[in-house]
Amino acid sequence: MHFFFSYEDIRLWMINFLELDMHVWAHDTLAGQFEINTPADGICKLLPPGYLQYQQFFYVEEYDANTVTIHIYGPNGSDEILNGLLVKYVNYCWALEIMELMQQGNIKIHLDKITMLHDIELHSMEFSKEGLKCTFADNPRIFEQLRMIQMFLHAGYKHIRLIPKDLGYTGYWFSDDTLDYTLKMEHHPADMRLWTSFLVPDWLGLDEQQVQELCCPSYPNERIYYEYGSITVVLPVIIAEPEINETTIERNCSRLKSEVSPILTNLVYYSPR
């Protein structure tokens, strides 16, 4: 299987999962340069300018089925302190030991410790002028999760995450400038659900029965309920395309917004009997 990341894709992935504004350029198939920019906001304004723009070169030292070792260096050689900070930061963001600081400027990336890649068998990786191409053993699960996340990123959604398996279902969390969404995946499309929750002020004094009075579902199999101080609206996912794509997500998110809007209005004017 092949999966392609353009350099813009890599930037979007870094922002989404690590909140790093990282730009990558390739010099040949296994080497290149990257730059991490830190906004001069708040206390960061007090840092010397050079600390706000971290530029380094890299080359892929080696890789196997589930690890990649990268050598990172600058004009004066490797900076073990900054490399160590990068490793600590990435591991902190993922809450996993994904990166390992090796000797002589090498950093080992453990692909199998990343949830979506835990059973990957990497065959090859190659940089080009357009981006990074990865080839791995046939694995529809990995390919579909990579495709879905990249699709969300292209569509402009933020805070995209895989739902942890310990919740008892699979899917994705993502947000736009209005709502936070949960997309529950299922083997049969008719069983897929999209929902959002929002907090209701305690001083309104609402209970489950009152929520049912002011919330009127508009679609078959739609659910609206009140729990732990939040109203949750759940809709079946409508898929009119061959596969879930940006149009699918935009359409279903718009349906969800159209349901939430009157609920908010009803909350403003609600008066218990």
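Read on for an overview of the structure. (Residues numbered from 1 in each chain as written. Predicted model: local features only at pLDDT ≥ 70, side-chain atom pairs only at ≥ 80, totals over all residues. Heavy atoms only, no water.)

## A look at the packing of aromatic side chains
Alright, step 1. Here the structure, examined in full by the defined rule, presents 16 aromatic pairs.
Alright, step 2. Judged by centre distance (5.9 Å) and plane angle (70°), the ring pair of Phe-34 and Tyr-54 falls under edge-to-face. Taken as a pair, Phe-34 in strand 3 (residues 31-37) and Tyr-54 in strand 4 (residues 53-63) lie far apart in primary sequence, 20 residues in all.
Alright, step 3. Relative accessible area serves as the criterion here: at 6%, Phe-34 is assigned to the buried category. (Phe/Tyr/Trp six-rings, centres within 6.5 Å; stacked < 30°, edge-to-face > 60°. Helix = DSSP H or I, 4+ residues; strand = E, 2+ residues; numbered from the N terminus. Buried < 20%, exposed > 50% of the residue type's maximum accessible area, 1.4 Å probe, protein only.)

## A short note on the sheet that holds strand 10 (residues 158-162)
Alright, step 1. Taken in spatial order, the six strands line up as 10-11-12-13-15-14 in an open sheet, and their pairing is antiparallel. The open sheet has two free edges, formed respectively by strand 10 and strand 14 (223-227), since each of these has just one partner strand. Going across the sheet, the axis of each strand differs from the next one's by a mean of 20°, ignoring polarity.
Alright, step 2. When strand 13 (residues 193-199) meets strand 15 (residues 230-236), the two strands line up antiparallel, connected through seven bridges. The residue bridging Leu-199 from the neighbouring strand is Ser-230, located in strand 15.
Alright, step 3. The strands that helix 5 (residues 246-269) touches are strand 11 (170-175), strand 12 (180-185), strand 13, strand 14 and strand 15; relative to strand 15, the one it contacts most, it runs at about 145°. (Pairing = 2+ DSSP bridges. Axes fitted to C-alpha atoms, helices over the stretch in contact; angles between N-to-C directions. Contact = heavy atoms within 4.5 Å.)

## Re the environment of Glu-250
Alright, step 1. By the element assignment, Glu-250 lies in helix 5.
Alright, step 2. Using a relative accessible area of 52% as the deciding quantity, one classes Glu-250 as exposed.
Alright, step 3. Remark: the alpha-carbon pair of Glu-250 and His-154, spanning 96 residues in sequence, is separated by 12 Å.

## Points about the packing of helix 1 (residues 7-18) against helix 3 (residues 140-154)
Alright, step 1. At a minimum axis distance of 10 Å, the contact between helix 1 and helix 3 shows a crossing angle of 90°. By the angle between their axes, helix 1 is roughly perpendicular relative to helix 3. Here Asp-9, Leu-12, Trp-13, Asn-16 and Phe-17 of helix 1 come into contact with helix 3, specifically with Leu-146, Ile-149, Gln-150, Leu-153 and His-154.
Alright, step 2. Of the residues contributing to the contact of helix 1 with helix 3, the split by class is six nonpolar, three polar and one charged. (Parallel < 35°, antiparallel > 145°, perpendicular 65-115°, else oblique. Nonpolar A, V, L, I, M, F, W, Y, C, P; charged D, E, K, R; others polar.)

## A closer look at the sheet that holds strand 4
Alright, step 1. Taken in spatial order, the six strands line up as 2-3-4-5-7-6 in an open sheet, and their pairing is antiparallel. Two strands lie at the open edges of the sheet, namely strand 2 (21-28) and strand 6 (99-101), each paired on one side alone. Averaged over all neighbouring strand pairs, the angle between strand axes comes to 30°, with direction disregarded.
Alright, step 2. Across seven bridges, strand 3 lies against strand 4 in antiparallel orientation. Note that in strand 4 the partner of Ala-31 across the bridge is Tyr-59.

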